[in-house]
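Working through the structure, step by step
If you want the building blocks of each chain, they are given just below.
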Amino acid sequence: MVKYLIFTIIISAGCKSDLQYSSSKKSYPNVIGDITFDPNIDGEFKRCDSYTNQYYSNGGIGYKGEMSMIKKQIEDNYTVSNQEGQSGFVTIRFVVNCHGISGMYRVHQTDLLLTEFKFSSEIVDQLLNAMKNLKGWERAEFNGNFYDYYQYLTFKLINGKIVEIAP
């Protein structure tokens, strides 16, 4: 009898916690990687397509001069000196519209073990500004039409120094 009572209490507690969990679930975008327009962050950036259409570049980095030019331009504009403990990854995601203009930047930061991490504002601000100054994005074309597409770059940093840039 005691076994059944204990079992019933455990089951009841488990059901109650499941109900509490289900009511506090987060909602997620319909498409992984979706960037929702926010006028407070994105200003006057204009997409060519509706915000419900999602496009991903399947041709790799669409930049004049390709990855070598991106690396050169970023490194020319990034002047952070040695910052002990500022190691990990900064990924900057954004949209390139049908005119080849980038915007809607979003930043994700992790340490080297991929745990959430907050880099110094000096590092993040310089990376973001360097990204915003890249002006050679190519337009995505399919069957004679031009489209918006998502792009991203990930920076690996060791003590604040860029050691790798990857798409």
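Preceding this paragraph is the structure being described.
If you tally the helices and strands in the protein chain, you get four helices and six strands. Taken from N to C terminus, the helices and strands of the protein chain fall in the order α-α-α-β-β-α-β-β-β-β. Considering only contacts within the protein chain whose residues lie at least 6 apart along the sequence, 70% involve residues at least 24 apart. As displayed, the protein chain has an accessible area near 11100 Å², and 55% of this comes from carbon and sulfur atoms.

The next thing to look at is the sheet that holds strand β1 (residues 88–96). As summarised here, the arrangement of the four strands in space is β2-β1-β5-β6, forming an open sheet in which the pairing is antiparallel. Strands with a single pairing partner mark the edges of an open sheet, and in this sheet they are β2 (102–110) and β6 (161–166). Each strand axis lies, on average, 25° off the axis of its neighbour in the sheet, ignoring direction. Examined bridge by bridge, β1 and strand β5 (residues 149–158) share nine bridges and lie antiparallel to one another.

Turning our attention to the packing of aromatic side chains. Scanning the entire structure with this criterion turns up four aromatic pairs. Seen in terms of ring centroids, Y63 and W137 are 4.8 Å apart; in terms of plane orientation they differ by 75°. Their pairing is edge-to-face. One end of the pair, Y63, is in the loop between α2 (39–42) and α3 (66–77); the other, W137, is in the loop between α4 (121–132) and β3 (140–142), with 74 residues separating them in the sequence. For Y63, a relative accessible area of 3% puts it in the buried group. When its relative accessible area of 3% is taken as the criterion, W137 is described as buried. A cation over a ring is seen here: R139 above F146, with NZ or CZ 3.5 Å from the ring centre.

Pairing between β5 and β6: five bridges, direction antiparallel. Bridge pairing in β6 places T154 opposite A166. Taking the residues that link successive antiparallel strands as the turn, the β5-β6 hairpin has two residues, and the phi of N159 there is positive, at about 50°.

A few words now on the pattern of salt bridges. Counted by the stated rule, this structure contains three salt bridges. Residue D42 is joined to R106 by a salt bridge in which the shortest nitrogen-to-oxygen separation is 2.8 Å. Note that D42 is positioned in helix α2 and R106 in strand β2, a separation of 64 residues in sequence. Using a relative accessible area of 8% as the deciding quantity, one classes D42 as buried. The salt bridge involving D148 is made with R47; its shortest N-O contact spans 3.3 Å. With D148 in the loop between β4 (145–147) and β5 and R47 in the loop between α2 and α3, this residue pair connects regions lying 101 residues apart in the sequence.

With that out of the way, let us pick up the state of the cysteines. Scanning all chains against the criterion turns up one disulfide. Two residues share a disulfide in this structure: C48 and C98, whose sulfurs sit 2.0 Å from each other. Given an S-S torsion of about -75°, the disulfide between C48 and C98 has left-handed geometry. Here C48, found in the loop between α2 and α3, pairs with C98, found in the loop between β1 and β2; they are 50 residues apart in sequence, far enough to count as distant. With relative accessibility at 33%, the residue C48 sits in the partly exposed group.

The biggest cluster of nonpolar side chains holds 26 residues, and the ones touching the most others in it are I74, I92, L127, M131, F155 and L157. When contributions to this core are tallied by element, the ones reaching two or more residues are α3, β1, α4, β5 and β6. One finds F45, V95, M104 and Y150 within the second-largest nonpolar core, a separate group that totals five residues.

Criteria and cut-off values
- Residues numbered from 1 in each chain as written.
- Predicted model: local features only at pLDDT ≥ 70, side-chain atom pairs only at ≥ 80, totals over all residues.
- Heavy atoms only, no water.
- Helix = DSSP H or I, 4+ residues; strand = E, 2+ residues; numbered from the N terminus.
- Contact = heavy atoms within 4.5 Å.
- Areas by Shrake-Rupley, 256 points an atom, 1.4 Å probe, with all protein chains shown as cover.
- Pairing = 2+ DSSP bridges.
- Axes fitted to C-alpha atoms, helices over the stretch in contact; angles between N-to-C directions.
- Phe/Tyr/Trp six-rings, centres within 6.5 Å; stacked < 30°, edge-to-face > 60°.
- Buried < 20%, exposed > 50% of the residue type's maximum accessible area, 1.4 Å probe, protein only.
- Lys NZ or Arg CZ within 6 Å of the ring centre and 35° of its normal.
- Salt bridge = Lys/Arg side-chain N within 4 Å of Asp/Glu carboxyl O.
- Disulfide = S-S within 2.5 Å.
- Core = buried A, V, L, I, M, F, W, Y, C linked by side-chain atoms within 4.5 Å.

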